[in-house]
Amino acid sequence: MGDTLSTRARVTRLLQRTGFDARPDTVDAAEKAGFEATLDRVLAHGTDGGADATPAPDIGPLPPRNSEAQKRQQGSETQGVGKRQSQASTQTETEPEPDASTGTDIGQDGKSADDPVKKHYRAVLKQQREELTHWWLDRMVAAERPWTEKRTLLWHNHWATSIQKVKSADAMLRQNEVLRRLGAGDFRILARAMVVDPALMVWLDADGSTAEAPNENLGRELMELFVLGVGNYTESDVRQAAAALTGWTVNRRRHPWTAAFKARRHDQGRQTVVGESADFTARTLIDHLVSLPDSHAHVAGRMWKALVSNENAPSRTALERVTASYGKQRDTTAMFRSLFTDDAFADADNVLVKQPVEYVVGSLRALGVRPAKLPAKARRQLLTRTLAGLGQVPFAPQSVGGWPAGAAWLTTASAQVRITFAQALVQHADLSAVEKASAKDRPELLARTFGVAEWGRASRDALNAVASDPRRITAVALTAPEHLVLS
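Summary of the structure given here.

1. With respect to the overall build of the protein
Then step 1. Scanning the protein for helices and strands turns up 25 helices and 6 strands.
Then step 2. Taking 487 residues into account, the globule formula puts the C-alpha radius of gyration at 23 Å, and the protein, at 24 Å, falls close to it.
Then step 3. Structurally, the protein occupies a C-alpha span of about 75 × 55 × 40 Å along its principal axes.
Then step 4. In the protein, buried positions account for 53% of the 487 residues.
Then step 5. When the accessible area of the protein is evaluated, it comes to approximately 21400 Å², of which 50% is carbon and sulfur surface.

2. Overview of helix α23 (residues 442–449)
Then step 1. The set of residues buried in α23 consists of Arg442, Pro443, Leu446, Ala447 and Thr449. Take α23 and look down its axis: the buried residues cluster within an arc of 160°, on one side only.
Then step 2. Those residues of α23 that are buried lie in contact with α2 (24–33), α19 (356–366), α22 (432–436), α24 (457–465) and α25 (470–479).
Then step 3. In the segment just after α23, Gly451 is the residue with positive phi, at about 70°.

3. Some remarks on the environment of Arg151
Then step 1. With respect to the helices and strands, Arg151 occurs in helix α8 (residues 147–158).
Then step 2. When residues no more than four places from it in sequence are discounted, the contact partners of Arg151 are Arg180, Gly183, Ala184 and Phe336.
Then step 3. At a separation of 3.3 Å, a polar atom in the side chain of Arg151 contacts the main-chain carbonyl oxygen of Arg180.
Then step 4. A polar atom in the side chain of Arg151 sits 3.4 Å from the backbone oxygen of Gly183.

4. Brief notes about the environment of Ala30
Then step 1. Following the sequence through the fold, Ala30 ends up in helix α2.
Then step 2. Look past the residues within four positions of Ala30 in its chain and what remains in contact with it is Val11, Leu15 and Thr38.

5. A few points about the packing of aromatic side chains
Then step 1. One pass over the full model with this rule turns up 11 aromatic pairs.
Then step 2. Ring geometry for Trp248 versus Phe261: centroids 5.6 Å apart, planes at 50°, classification tilted. Remark: Phe261 occurs in strand β2 (residues 258–261) and Trp248 occurs in strand β1 (residues 248–251); sequence separation between them is 13 residues.
Then step 3. An aromatic cluster is built from Phe35, Trp147, Trp155, Trp159, Phe187, Phe226, Phe336, Phe340 and Phe345, whose rings are joined through pairwise contacts.
Then step 4. Lying across the ring of Phe20, Lys150 places its NZ or CZ 5.5 Å from the centre.

6. Some words on the pattern of salt bridges
Then step 1. Considering all chains together, one arrives at 22 salt bridges under this definition.
Then step 2. Among the salt bridges present, the one from Arg448 reaches Asp28, with a minimum N-O distance of 3.4 Å. Here Arg448 is found in helix α23, whereas its partner Asp28 is found in helix α2, with 420 residues between them in sequence.
Then step 3. What makes Arg448 partly exposed here is its relative accessible area of 35%.
Then step 4. Residue Arg316 is joined to Glu320 by a salt bridge in which the shortest nitrogen-to-oxygen separation is 3.2 Å.

Rules of the game
Just so you know, the residues in each chain are numbered from 1, in the order the chain's sequence is written. In view of the model being predicted, local features appear only for residues whose pLDDT reaches at least 70, and side-chain atom pairs are presented and counted only at 80 or more, with totals across whole chains, interfaces and linings using the full set of residues. Side-chain calculation: all heavy atoms of the structure are included, whereas hydrogens and water are not. Every helix listed is a DSSP run of H or I at least four residues long, and every strand listed is a run of E at least two residues long, numbered separately from the N terminus. Computation of the radius of gyration draws on C-alpha atoms alone. For the globule rule, the value is 2.2 Å times the number of residues to the power 0.38. Exposure classes here rest on a 1.4 Å probe applied to the protein chains alone. A residue is buried below 20% of its type maximum, exposed above 50%, and partly exposed in between. For the accessible areas, the method is Shrake-Rupley and the probe is 1.4 Å, while residue cover comes only from the protein chains on display. Arc definition: it is the arc formed by the directions from the helix axis to the C-beta atoms. We call two residues in contact whenever any of their non-hydrogen atoms come within 4.5 Å of each other. We define a polar contact as two N or O atoms separated by no more than 3.5 Å, with the added condition that, inside protein, one atom must be a possible hydrogen donor and the other a possible acceptor, whereas residues neighbouring each other in sequence contribute only through side-chain atom pairs. We call Phe, Tyr and Trp rings a pair once their centres come within 6.5 Å, taking the six-membered ring for Trp, and we label the pair stacked below 30 degrees between planes, edge-to-face above 60, and tilted otherwise. In this analysis the charged atom, NZ for Lys or CZ for Arg, is taken to sit over a ring once it is within 6 Å of the ring centre and within 35 degrees of the ring normal. Salt bridge, as used here, is a side-chain nitrogen of Lys or Arg placed within 4 Å of a carboxyl oxygen of Asp or Glu.

What follows is the structure, given as structure tokens:
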């Protein structure tokens, strides 16, 4: 166990890990109020003028994916409402899917559907995806109570779902709203909503899983990653859970997508899953799994890695304390409070490497740069290209396991991306405070701006070397090792 943080360092850590930055005035107020009062304020529900001023985009339906789909759609529009609804049900099952090897749609004649209609579909999908991503990043920057957005990002990584396969910005937005709305309460309620979430169902091939052809992907990931953890279930449990989840479908012909249960496709009868036998439904399966002690430890353990230490696992005493707080009510806010008040959270050695979204959003917040106010080209450079280069684009996790953690982000390639980002960001930032400060005072000013307790010797030397140039010293501070960690 390392040294215990001072009150100021501890509230700085709290603000950084429950948000994206630690602004000097916020840290000053938090130090004066004390850690417990600051924690109460962070976790409390309340209005957020910044977030409220960045409402979600109104994402319309996607156009037809190819000429064949366009013909079917045009044909259906000439029929009555009842006929349209009947066709929608049928077309959900026959809609061409992307060829996994080429990324193109394959029509019913087996030929590539790379036609003008397909190109338009791709362009609209790309535009909607970019709009969605930029909106959420702008909301993170604008939020006055950033814990809500940080918590939503944590749950997005936990229930990792990618638009690259889902191919619907609207479905991803609706999942995002579920994570935000339910992410501070009973984990059971959140899990119930997620197991029949249209985006997650499409991502994990649960759409259309039937008694005759059950798909095991959702059942497996539900237990391995979302609810129980590796080693706490068997292959038989996976098969039985898959049977319990059969019968659910996603109507992708309607806007918005909707999930529906079709009893005739469900595997009727009893299943045995992790020691319990019942005629499970999706809901009762979730209720059973989240009630297990292994589930409590798994959820708490994943959040420990994200918020306390990715390197040092919780002690047995700490894990018991956190899971006791989580309790039979599966109270996630109580769990988070327990994590933030554990002795390990105040251990100076438990430093976390910032994930790319945390780094980019925190830098924008510290320098007062709002993505929505940037020209479109600059917004793409600072957000889309930077995060793609660093390997973490919201709504596009690399796998169902989410993004990597820890030092995996600190590569030679990522260093060059951060340098390019820093040089571009300072062109759009208001650096008047840096300009007004004397050259000798600028390193300390930037340390406060970025929530850095103290520059190391190498960083201080690098900063002093360019201190006469406000833009250059700010860019160097943005790429300094001390700014790449959540203290």
